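Chain residues, written in single-letter form:
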Amino acid sequence: MPYAGAQSTGTLSVANVSFTLSANKRSAAPGDTVTFSGTITANGSPVANDIVGIAIVQGNVTDWIVTNLTTDSNGNFSFQWTVPWSDSALGTFPCNDFTFQAYESIYYMASNTVQVAINYPTRLTIGLTPSQVGAGQKFTVSGTLQYYDGSNWNALANQTITITLGSTSTTATTDSYGNYKVQLTAPSTPGTYTVVASYAGTAPMATTSVMAALGVGGGIGWAVPAAIGAVAMAVAFAYSRR
């Protein structure tokens, strides 16, 4: 049986879609918050009410969904993600680099990828000895650097600590116990100063910093009360020995 030919016409509309994803941090530790944000436009106009999924695409795990959300009237979306310590599918998060990508549901497009390194949490202590000195006098900065492995805080050895006082910085290296120590000279102008100890982080260790206040008095005059106190103690001791 013969069949008659047929023909139909239609219009195919192709949109020029822009779909971006960014993260405010490229490294973080468990407990930190990473903000993912992006924008979707089509032919230069914002795409509103588009459902967006942000996922981790890693190894054998495909599309591990971090969250689903909807674009606003300007085509923007944003989500704050608190880094977990572990997951049944992905394992332990620290000491890994994870690749994130977003997907949208109107044009079925995928965004660019963003990589975030997850590091072990660290902590740093600082102490000033003494915490109040005369102008131009010496004082000692010391403390301890540790990292958390999920169960315990452990010493971080052979790491560089940067100590900053005003515009002057110096470095110290932690020993096998994670301890550091350095001697500095107080400023020549009396006042209260901030001493900052910081650790830049060496993968897979997170960055951290801590600060302490240094009181600086008027040079020799500042030291006189301490000297008088020392003499008084010596006299009292001598008197008690009689």
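Cut-offs and rules
- Residues numbered from 1 in each chain as written.
- Predicted model: local features only at pLDDT ≥ 70, side-chain atom pairs only at ≥ 80, totals over all residues.
- Heavy atoms only, no water.
- Helix = DSSP H or I, 4+ residues; strand = E, 2+ residues; numbered from the N terminus.
- Buried < 20%, exposed > 50% of the residue type's maximum accessible area, 1.4 Å probe, protein only.
- Contact = heavy atoms within 4.5 Å.
- Areas by Shrake-Rupley, 256 points an atom, 1.4 Å probe, with all protein chains shown as cover.
- Pairing = 2+ DSSP bridges.
- pLDDT = per-residue confidence, 0-100.
- Phe/Tyr/Trp six-rings, centres within 6.5 Å; stacked < 30°, edge-to-face > 60°.
- Patch = residues over 30% accessible without salt bridge, like charges linked within 9 Å, V, L, I, M, F, W, Y side chains within 5 Å.
- Salt bridge = Lys/Arg side-chain N within 4 Å of Asp/Glu carboxyl O.
- Polar contact = N/O pair within 3.5 Å; in protein donor to acceptor, adjacent residues only side chain to side chain.
- Axes fitted to C-alpha atoms, helices over the stretch in contact; angles between N-to-C directions.

Q: Tell me about the overall build of the chain, and name the residues and values.
A: Each helix and strand counted, the chain has one helix and 21 strands in total. Of all 242 residues assigned to the chain, the portion counted as buried reaches 35%. Across the chain, contacts joining residues at least 24 apart in sequence account for 58% of those joining residues at least 6 apart. Within the structure as shown, the chain displays about 13900 Å² of accessible surface, and the carbon and sulfur contribution to it stands at 51%.

Q: How would you sum up the pairing of strand E21 (residues 208-217)? Please name residues and give values.
A: Along E21, seven of the 10 residues are buried, which leaves the element largely enclosed by surrounding structure. The pairing of strand E14 (residues 132-134) with E21 spans three bridges and is parallel. Note on E21: the bridge partner recorded for glutamine 132 is glycine 215. Sheet topology places strand E20 (residues 191-199) next to E21; nine bridges connect them, and they run antiparallel. Pairing of glycine 191 across the sheet is with valine 216, part of E21.

Q: Can you tell me about the confidence of the model for the chain, naming the residues and giving the values?
A: This prediction gives the chain a mean pLDDT of 86; 82% of its residues lie at or above 70. Per-residue pLDDT, averaged within each element of the chain, yields its smallest value for helix H1 (residues 220-240) (40) and its largest for strand E17 (residues 160-165) (98). For residues 223-242, every residue scores under 50 in pLDDT, and the model assigns this stretch one contact once sequence neighbours within four places are set aside.

Q: Hey, could you go over the packing of aromatic side chains for me, with residue numbers and the actual values?
A: Evaluation of the coordinates by the stated rule reveals 11 aromatic pairs. Aromatic pair phenylalanine 19 and phenylalanine 77: ring centres 6.1 Å apart, planes at 70°, arrangement edge-to-face. Of this pair, phenylalanine 19 sits in strand E1 (residues 17-23) while phenylalanine 77 sits in strand E7 (residues 76-82), and the two are 58 residues apart along the sequence. For the pair phenylalanine 19 and phenylalanine 77, a shared accessibility class is recorded, and that class is buried. Both rings, one in tryptophan 81 and one in phenylalanine 100, keep their centres 5.2 Å apart while their planes meet at 65°; by these two values the pair is edge-to-face. On the criterion of sequence distance, the pair formed by tryptophan 81 in strand E7 and phenylalanine 100 in strand E10 (residues 96-104) is long-range, its members being 19 residues apart. Accessibility classification places tryptophan 81 together with phenylalanine 100 in one group, the buried group. Cluster of aromatic residues (ring-pair linked, three or more members): Phe36, Trp64, Trp81, Phe93, Phe98 and Phe100.

Q: Break down the environment of glycine 218 for me, with residues and values.
A: Position of glycine 218 relative to the elements: it lies in the loop between E21 and H1. Taking the C-alpha atoms as reference points, glycine 218 and valine 133, separated by 85 residues in sequence, lie 8.7 Å from one another. Ignoring any residue separated from it by four or fewer positions in sequence, one finds glycine 218 in contact with Ala135 and Pro190.

Q: Explain the side chain of threonine 208 residue by residue, including any values.
A: Relative to the helices and strands, threonine 208 is located in strand E21. In this structure threonine 208 touches Thr122, Arg123, Leu124, Leu145, Ser198 and Tyr199, once residues within four positions along its chain are discounted.

Q: Break down a nonpolar patch on the surface for me, citing the residues and quoting the values.
A: Together, Ile106, Tyr107 and Met109 make up an exposed nonpolar region whose accessible area comes to about 240 Å². Within the fold, methionine 109 resides in the loop between E10 and strand E11 (114-118).

Q: Tell me what's going on with the side chain of threonine 71, and back it up with residues and numbers.
A: Positionally, threonine 71 belongs in the loop between strand E6 (61-70) and E7. Assessed through its relative accessible area of 3%, threonine 71 is described here as buried. Engagement of the side chain of threonine 71 in a polar contact is seen with the backbone oxygen of valine 47, the distance being 2.8 Å. Of the polar contacts made by the side chain of threonine 71, one reaches the backbone nitrogen of aspartate 50; its length is 2.8 Å.

Q: Outline the environment of alanine 172, supporting the account with residue identities and numerical values.
A: Within the element layout of this structure, alanine 172 appears in strand E18 (residues 168-173). Expressed as a C-alpha distance, the spacing of alanine 172 and asparagine 158, which sit 14 residues apart in the sequence, is 9.4 Å. For alanine 172, the contacting residues outside a window of four places in its chain are Gln159, Thr160, Ile161, Ile163, Tyr180, Lys181 and Val182.

Q: Describe the sheet that holds E14, with residues and values.
A: With respect to topology, five strands assemble into an open sheet ordered E14-E21-E20-E17-E18, the strand pairing being mixed. Pairing within the sheet leaves two strands with one partner each, and these edge strands are E14 and E18. Mean inter-strand twist for the sheet, computed between neighbouring axes without regard to direction, equals 30°. Sheet topology note: the E17/E20 ladder contains four bridges and is antiparallel. Opposite isoleucine 163, over in E20, you have alanine 197 as the bridge partner.

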